[in-house]
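Inside the fold
One letter stands for each residue in the lines below.
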Amino acid sequence: MSDGYNNSKKTDDICEDVCGQGSKAAKTISRLKCVLKGFDLRTYLFLFVLMPFGILAIYLHGQKFTYFFRPLWESPPKPFRTIPHYYNENVTMEALCSLHGWGIRESPRRVFDAVLFSNEKDLLTVRWNELYPYVTQFVLLESNSTFTGLPKPLVFKSNKEQFKFVEPRLTYGTIGGRFRKGENPFVEEAYQRVALDQLLRIAGIEEDDLLIMSDVDEIPSAHTINLLRWCDDIPPVLHLQLKNYLYSFEYYVDSKSWRASIHRYSPGKTRYAHFRQSNVMLADSGWHCSFCFRYISEFIFKMKAYSHSDRVRFSHYLNPRRIQDVICKGTDLFDMLPEEYTFKEIIGKMGPVPRSYSAVHLPSYLLDNAEQYKYLLPGNCIREKQTGFI
């Protein structure tokens, strides 16, 4: 015991002697050698293997850790009061309104459908054909800037011929981007939505007209809009529960899409927005097809352009081969975990979205033109090649 103690003491003495000799640089190296002599194998493993590995893991998957432990630091939002939705084409409108607890009007309300447009030409075509029988005025605002401040062409303006069928009922406007580098993308998005309020007034919207507030890819069903324009005493602001799809109608995610809403317009009070504005929601009211594009280039553009572009953490996320592989597997473009509020839901949704082989109760225009839009239907995950998105 005493021999071991004496040997350790001798080593310490030698270290002190060495550290006290030589130049400043030599002293530093000597001190480092002396310190390392006191470490065992487990300490070396921790310092040079486990710690670097841990830092790399946090760099690569830190966002996943944050999302997985979300239930610990964020409570779920207050649940909506969901109104059951009744519909059958053979039931009279009076009976349908009565089933919802509403009366029926002598004449239907006017309906305004207002959207901010980026580059979703196909989904806009599907949307406007679905809503065409019941919409009084289509209102579309387009900017030469993305929400992230990137310049973009006026895609709708360049393809106006494709939408000639709505021309008599269309109010179209453009707004110049502010192109402010480093600004939060949601600021530019809010700026454009405020401009849409002005365009609605130009379109002639009036008290108690129905206003549809939703993104292009959030498509209310035609029978939902017809119900709400005919029924009396509907809520002044009503969110729409939409079926969530990813990449096409082949990948059904859930029925938790709620941002689309219907408003009984009130001058001076109604403001165009894309957040929660009431606690009431109508069940099963349409479809939300997220990242449903024909070309890989359109995926890349949106990934860089929309308000959540910060999710593109690595440049290889934009690799066309990777994106095509992700689409056909039904996995996440940004390699993220599900955005849920309970561990049960997060774990239950981890991994690819299961394929659906059902094309029942989809927009009628989509099925009438299935060959033209086959990439949106089950069994057609391979995307067409194109260099641009116009």
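Everything numeric here is computed off the predicted structure, so don't read it as measured data. By convention here, each chain's residues receive numbers from 1 onward along its written sequence. Local features in a predicted model are, by the rule used here, given only for residues with pLDDT of at least 70; side-chain atom pairs are given and counted only at 80 or more, and totals for whole chains, interfaces and linings are based on all residues. The side-chain values count all of the structure's non-hydrogen atoms but skip hydrogen atoms and water molecules.

Topic: the overall build of the protein
Quick note on the threshold: Secondary structure elements are taken from DSSP: a helix is a run of H or I of four residues or more, a strand is a run of E of two residues or more, and numbering for both begins at the N terminus. Note on classification: 1.4 Å probe, protein chains only; a residue is buried when its accessible area is under 20% of the maximum for its type, exposed when over 50%, partly exposed between these limits. Residues count as neighbours in contact if any of their non-hydrogen atoms are within 4.5 Å of one another. Throughout, the Shrake-Rupley method with a 1.4 Å probe supplies accessible areas, and for residues the shown protein chains are the sole cover considered.
Helices and strands together make up the secondary structure of the protein, namely 13 helices and 14 strands. In the protein, which comprises 390 residues, the share counted as buried stands at 45%. Within the protein, counting contacts between residues at least 6 apart in sequence, those at least 24 apart form 74% of the total. For the protein, the exposed surface amounts to about 21,000 Å²; the carbon and sulfur share of it is 57%.

Quick look at the nonpolar core
The following threshold applies: Definition of nonpolar core: a set of buried residues of the types Ala, Val, Leu, Ile, Met, Phe, Trp, Tyr and Cys, connected through side-chain atoms within 4.5 Å.
If you look at the biggest cluster of nonpolar residues, it comprises 49 residues, and the most contacted ones within it are Leu 124, Trp 128, Leu 140, Phe 156, Leu 228, Phe 249 and Leu 376. Take this core: its biggest share by element is five residues, from helix α6 (residues 121-131). Within the second largest apolar cluster, 22 residues are counted, among which are Met 303, Phe 334, Val 353 and Cys 381.

Looking at the sheet that holds strand β6 (residues 210-213)
For the record, the criterion: Each pair of strands is called paired provided DSSP finds at least two bridges between the two strands. Here the axes come from fitting lines to C-alpha atoms, over the contacting stretch only for helices, and the angles between their N-to-C directions go from 0 to 180 degrees.
Spatial ordering of the open sheet is given by β1-β13-β9-β12-β6-β3-β4-β5, a layout of eight strands whose pairing is mixed. At either margin of the open sheet sits one strand with a lone partner, and together these are β1 (81-83) and β5 (170-175). Averaged over all neighbouring strand pairs, the angle between strand axes comes to 25°, with direction disregarded. Sheet topology note: the strand β3 (residues 111-117)/strand β4 (residues 137-143) ladder contains six bridges and is parallel. Bridge pairing in β4 links Ala 114 to Val 139. Where α6 meets the sheet, its contacts fall on β3, β4, β5 and β6, and the angle it forms with β3 comes to roughly 180°.

Observations regarding the pattern of salt bridges
Threshold: The rule for a salt bridge is simple: a side-chain nitrogen of Lys or Arg has to be within 4 Å of a carboxyl oxygen of Asp or Glu.
Across all of its chains, the model carries 22 salt bridges by this definition. Between Lys 152 and Glu 142 there is a salt bridge, and its shortest N-O distance comes to 3.7 Å. Of this pair, Lys 152 sits in the loop between β4 and α7 (155-158) while Glu 142 sits in strand β4; the two residues are ten residues apart in sequence, bridging distant segments of the chain. With relative accessibility at 7%, the residue Lys 152 sits in the buried group. Here Lys 256 and Glu 340 are joined by a salt bridge, their closest N and O atoms 3.1 Å apart. Of this pair, Lys 256 sits in strand β11 (residues 252-257) while Glu 340 sits in the loop between α11 (320-329) and α12 (343-349); the two residues are 84 residues apart in sequence, bridging distant segments of the chain. Three or more residues are tied together by salt bridges with common partners; here these are Arg 105, Arg 109, Asp 208, Asp 232 and Arg 264.

A short note on the packing of aromatic side chains
Where we set the bar: Any pair of Phe, Tyr and Trp rings, taking the six-membered ring for Trp, is counted once the centres come within 6.5 Å. Such a pair is stacked with planes under 30 degrees apart, edge-to-face with planes over 60 apart, and tilted for the rest. Remark: a charge is flagged as sitting over a ring if the NZ atom of Lys or the CZ atom of Arg is within 6 Å of the ring centre and within 35 degrees of the ring normal.
Per the counting criterion, the structure on display carries 19 aromatic pairs. Centre to centre, the rings of Phe 80 and Trp 258 are 5.7 Å apart; their planes meet at 45°, and the pair counts as tilted. Pair noted here: Phe 80 is in the loop between α4 (70-73) and β1 and Trp 258 is in the loop between β11 and β12 (261-264), with a separation of 178 residues, a long-range link. Among the aromatic side chains, those forming a connected cluster through ring pairs are Phe 117, Trp 128, Tyr 132, Phe 138, Phe 156, Phe 163, Phe 165 and Tyr 172. Here the basic side chain of Arg 169 rests over the ring of Tyr 132, its NZ or CZ set 3.7 Å away from the ring centre. We note Arg 276 situated over the ring of Phe 80; from NZ or CZ to the ring centre the distance is 3.9 Å.

Some details on a nonpolar patch on the surface
Definition in use: Within this analysis, patches are made of residues with over 30% relative accessible area and no salt bridge. Like charges are joined at 9 Å or less; nonpolar side chains (Val, Leu, Ile, Met, Phe, Trp, Tyr) at 5 Å or less.
Together, Phe 69, Leu 72, Trp 73, Phe 343, Ile 347 and Met 350 give the surface a local cluster of nonpolar side chains, amounting to about 640 Å² of exposed area. Breaking the nonpolar patch down by element, the ones donating at least two residues are α4 and α12. Relative to the helices and strands, Phe 69 resides in the loop between α3 (41-68) and α4. Given the relative accessible area of 40%, Phe 69 is considered partly exposed.

Section: the side chain of Asp 209
Residue placement: Asp 209 occurs in the loop between α8 (185-203) and β6. Apart from the residues lying within four places of it in its own chain, the contact partners of Asp 209 are Arg 110, Phe 112, Gly 204, His 263, Arg 264 and Tyr 265.

Digging into the state of the cysteines
What counts, and what does not: The criterion for a disulfide is a pair of cysteine sulfur atoms lying within 2.5 Å.
The tally for this structure, following the rule as stated, stands at three disulfides. Between the sulfur atoms of Cys 97 and its disulfide mate Cys 231 the distance is 2.0 Å. Residues Cys 97 and Cys 231 share a disulfide whose torsion about the S-S bond is about -90°; that sign makes it left-handed. Pair noted here: Cys 97 is in helix α5 (residues 93-99) and Cys 231 is in strand β8 (residues 231-232), with a separation of 134 residues, a long-range link. With relative accessibility at 0%, the residue Cys 231 sits in the buried group.

Comments concerning the side chain of Ser 356
Rules: N or O atoms within 3.5 Å of each other form a polar contact, as long as, within protein, one can give a hydrogen and the other can take it, and as long as residues adjacent in sequence are counted only when both atoms are side-chain atoms.
Note that Ser 356 resides in the loop between α12 and α13 (364-368). Classification of Ser 356 by relative accessible area gives buried; the value is 19%. Of note is the side chain of Ser 356, whose polar atom sits 3.2 Å from the backbone nitrogen of Ser 358. Excluding anything up to four places from it in sequence, Ser 356 contacts Glu 250, Tyr 252 and Pro 378.

Observations concerning the environment of Gly 268
As for its placement among the helices and strands, Gly 268 is situated in the loop between β12 and β13 (280-282). A sequence separation of 61 residues divides Gly 268 from Glu 207, and the C-alpha atoms of the two residues are 10.0 Å apart.

Some details on the confidence of the model for the protein
Note the following rule: A score between 0 and 100, pLDDT records how confident the predictor is in each residue.
Chain-level statistics for the protein give a pLDDT mean of 87 and a share of 81% at 70 or above. Between residues 1-20, whose pLDDT stays under 50, and residues either more than four places distant or in other chains, the model counts seven contacts.

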